[in-house]
Amino acid sequence: METTGKRPTWAEINRDALAANFQIVKQRVGRDVNVLAVLKANAYGHGAVECARRLAADGAGWFGVALPEEGVELRDAGITQPILCLAGFWPGQAEVCLDHGLVPVVYRLDLIAALDQAARARGIVADVHVKVDTGMGRLGVRFDEVAEFAAALKQFSNLRVDGVMTHFAAADVPSCGPLTSDQIDRFQQAVAAFRAQGFHPTHQHLANSAAIFAQPEAWGNMVRPGGVLYGLTGDILAPADRRQEFQPVMSLHSRIALLKWVPAGETVGYGCTFEASSPTLVATIPIGYDDGYRRALSNRGHAIVRGVPATVIGRVSMDLTLIDVTNVPGASLGDEVILLGQAGGHAITAEAIAATVGTLSYEVTCGISARVPRVYV
Ligand SMILES: *Cc1c(COP(=O)(O)O)cnc(C)c1O
């Protein structure tokens, strides 16, 4: 990347990898199942607008966001596909949803009443998807209260139930199989309860990335992949499903800003946490925890320089990180440093970083902050 005129730290987003991952999902579920591409949280840190543009060009039928605000961002960028607001909407946002053609997920009668009223004021009938809580214990109408809820919904004449959905708590965890089966059964009963009340939901959907691979019986007629689209699989899919051919979409890059030899016995960085045991060539890299390069990677993170692995030494600070490039032949000022990605037969995955710092790969890519420019290739 051309890095003159700005700090040489950037996240590269590989659009072809995104498109290829999307095609794997499409082929897995076949023609009869819609694919709703989940773009919440700025597409897990990858850039929602650019990802939406590419996926739209590659045939994505629906997009999912968490917040209406995220849907508005996509509409403002010219995205015309149906957009589902997976986490619903907040008091005062019914109008925003209607005016931007966003389909909200609903589960609270007070908010549903507000939406119905706003739709009536506009002379329209608004589509909603009802979320059923089949065992996650989070958003949604409890499965044992669905019949009552469906009956109550009939009073809202300016709303149409376009979809019924649920979300799995542990589709990736084989030992939670009984809960997952219960969730599928409860969902089917919930759909039957809506039908019994005279609703005809077009879309029935349950499956996140893990369930798309582990639970084909749970595809319904729409699936909702997020993580696999971004090539995040190692801590997302059930162990038996991890050999899928997904490619990581994000890589993280910087350049050596300063090089110095530190003699044996001296320490580097805050807190004297690293002491050179022999003369050490220390490279300063302009990335730190404000960029989402986690402080928990202090003395534990890895980088690749000139195709050679190098380790993080000392504490990661807010804007800067030190790596040991003693063993990198020819290491020079300005050399590219890969902090997430692959080169020279070595790979640093979001899953590996997540394992090092004790989290999930999603939190790694979501955590790369807005200060790091996304470069689309
Ligand atoms: C985030 C989310 C998804 C996508 O989950 P992945 O594990 O990333 O595939 C699907 N459905 C809902 C309701 C979500 O909130």
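Residues numbered from 1 in each chain as written. Predicted model: local features only at pLDDT ≥ 70, side-chain atom pairs only at ≥ 80, totals over all residues. Heavy atoms only, no water.

Notes on the overall build of the chain
1) Next: Scanning the chain for helices and strands turns up 11 helices and 21 strands.
2) Next: Along the first, second and third principal axes, the C-alpha set of the chain runs to 80 × 45 × 40 Å.
3) Next: Considering only intrachain contacts with a sequence separation of at least 6, the fraction spanning at least 24 residues in the chain is 66%.
4) Next: With the model as given, the accessible surface of the chain reaches about 15,800 Å², and the carbon-plus-sulfur share is 52%.
5) Next: With 32 positive and 37 negative side-chain charges, the chain shows a spacing of 1 Å between the two charge centroids. (Helix = DSSP H or I, 4+ residues; strand = E, 2+ residues; numbered from the N terminus. Contact = heavy atoms within 4.5 Å. Areas by Shrake-Rupley, 256 points an atom, 1.4 Å probe, with all protein chains shown as cover. Lys, Arg positive; Asp, Glu negative; His and termini not counted. Charge placed at Lys NZ, Arg CZ, Asp CG, Glu CD.)

Quick notes on the site of the ligand
1) Next: Near the ligand lie 13 residues; those nearest to it are Lys40, Tyr44, Ser209, Gly227 and Tyr362.
2) Next: Here a nitrogen atom of the ligand and a side-chain polar atom of arginine 224 are 2.8 Å apart.
3) Next: Separating an oxygen atom of the ligand from a backbone N or O atom of glycine 227 is a distance of 2.8 Å.
4) Next: Its free accessible area being 390 Å², the ligand has 91% of it covered by the protein chains.
5) Next: A per-class count over the shell around the ligand returns five nonpolar, five polar and three charged. (Near = heavy atom within 4 Å. Polar contact = N/O pair within 3.5 Å; in protein donor to acceptor, adjacent residues only side chain to side chain. Nonpolar A, V, L, I, M, F, W, Y, C, P; charged D, E, K, R; others polar.)

Re the domain arrangement of the chain
1) Next: Taken domain by domain, the chain consists of domain 1 (15–235) and domain 2 (250–348).
2) Next: Centre-to-centre separation of domain 1 and domain 2, based on C-alpha positions: 42 Å. (Domains from an automatic or database assignment.)

Details of the pairing of strand 5 (residues 102–106)
1) Next: In terms of burial, strand 5 is a largely internal element, five of the five residues being buried.
2) Next: Where burial is concerned, the two faces of strand 5 agree: the one with Leu102, Pro104 and Val106 and the one with Val103 and Val105 are both buried.
3) Next: Two strands pair when backbone bridges link them, and strand 4 (residues 83–85) and strand 5 are joined in this way by three bridges, in the parallel orientation. Its bridge partner lying in strand 5, leucine 84 is registered against valine 103.
4) Next: Handedness of the strand 4-helix 5 (residues 94–99)-strand 5 crossover: right-handed.
5) Next: In this sheet, strand 6 (residues 126–133) lies alongside strand 5 in parallel orientation, the contact comprising two bridges. By the bridge assignment for strand 6, valine 106 is matched with valine 130.
6) Next: With helix 6 (residues 109–122) bridging strand 5 and the parallel strand 6, this β-α-β connection has right-handed handedness. (Buried < 20%, exposed > 50% of the residue type's maximum accessible area, 1.4 Å probe, protein only. Pairing = 2+ DSSP bridges. Right-handed = clockwise from strand over helix to strand, strands pointing away.)

With respect to the packing of aromatic side chains
1) Next: One pass over the full model with this rule turns up four aromatic pairs.
2) Next: When the ring of phenylalanine 194 is compared with that of phenylalanine 199, the centres are 5.8 Å apart and the planes differ by 70°; the resulting orientation is edge-to-face.
3) Next: An aromatic cluster is present here, built from Tyr44, Tyr230 and Tyr362 joined pairwise through their rings.
4) Next: When the ring centre of phenylalanine 143 is taken as reference, the NZ or CZ atom of arginine 186 above it lies at 4.1 Å. (Phe/Tyr/Trp six-rings, centres within 6.5 Å; stacked < 30°, edge-to-face > 60°. Lys NZ or Arg CZ within 6 Å of the ring centre and 35° of its normal.)

Concerning unusual backbone geometry
1) Next: Residue alanine 41 is not a glycine yet carries a positive backbone phi of 50°.
2) Next: As for its position among the elements, alanine 41 is in helix 2 (residues 40–44).
3) Next: A relative accessible area of 35% means that alanine 41 is categorised as partly exposed.
4) Next: Of note, arginine 306 is a non-glycine position whose phi angle comes to about 50°, a positive value.
5) Next: Its place among the elements puts arginine 306 in the loop between strand 16 (302–305) and strand 17 (308–312).
6) Next: Given a relative accessible area of 48%, arginine 306 falls into the partly exposed group.

Examining the nonpolar core
1) Next: Judged by nonpolar contacts, the single largest core of 117 residues is most densely connected at Leu39 and Ile323.
2) Next: Here this core gets six residues from one element, more than from any other, and that element is helix 8 (residues 177–196).
3) Next: Two domains each donate at least three residues to this core, and these are domain 1 (15–235) and domain 2 (250–348).
4) Next: With residues up to four places along the chain from it excluded, the contact list for isoleucine 323 reads Leu281, Val282, Ala283, Ile285, Ala303, Val305, Ala310, Thr311, Val312, Ile313 and Val337.
5) Next: Of all hydrophobic cores here, the second largest spans seven residues; its members include Val262, Val268, Ala276 and Val282. (Core = buried A, V, L, I, M, F, W, Y, C linked by side-chain atoms within 4.5 Å.)

Some remarks on the packing of helix 7 (residues 146–153) against helix 8
1) Next: Interaxial distance between helix 7 and helix 8 falls to 9 Å at its minimum, and their mutual angle equals 30°. Read as a crossing pair, helix 7 and helix 8 show a hand that is right-handed. For the pair helix 7 and helix 8, contact is made by Val146, Ala147, Ala150 and Leu153 and by Ala190, Ala193 and Phe194, respectively.
2) Next: For the contact of helix 7 with helix 8, the residue count by class is seven nonpolar, no polar and no charged. (Axes fitted to C-alpha atoms, helices over the stretch in contact; angles between N-to-C directions. Left-handed = near helix turned anticlockwise from the far one by under 90°.)

Side note on the pairing of strand 17
1) Next: Alignment of strand 16 against strand 17, held across four bridges, turns out to be antiparallel. Bridge pairing links alanine 303 to alanine 310 in strand 17.
2) Next: The loop that links strand 16 with its antiparallel partner strand 17 comprises two residues; one of these, arginine 306, has a positive phi angle of about 50°.
3) Next: The sheet contact formed by strand 17 and strand 18 (residues 321–324) spans two bridges and is antiparallel.

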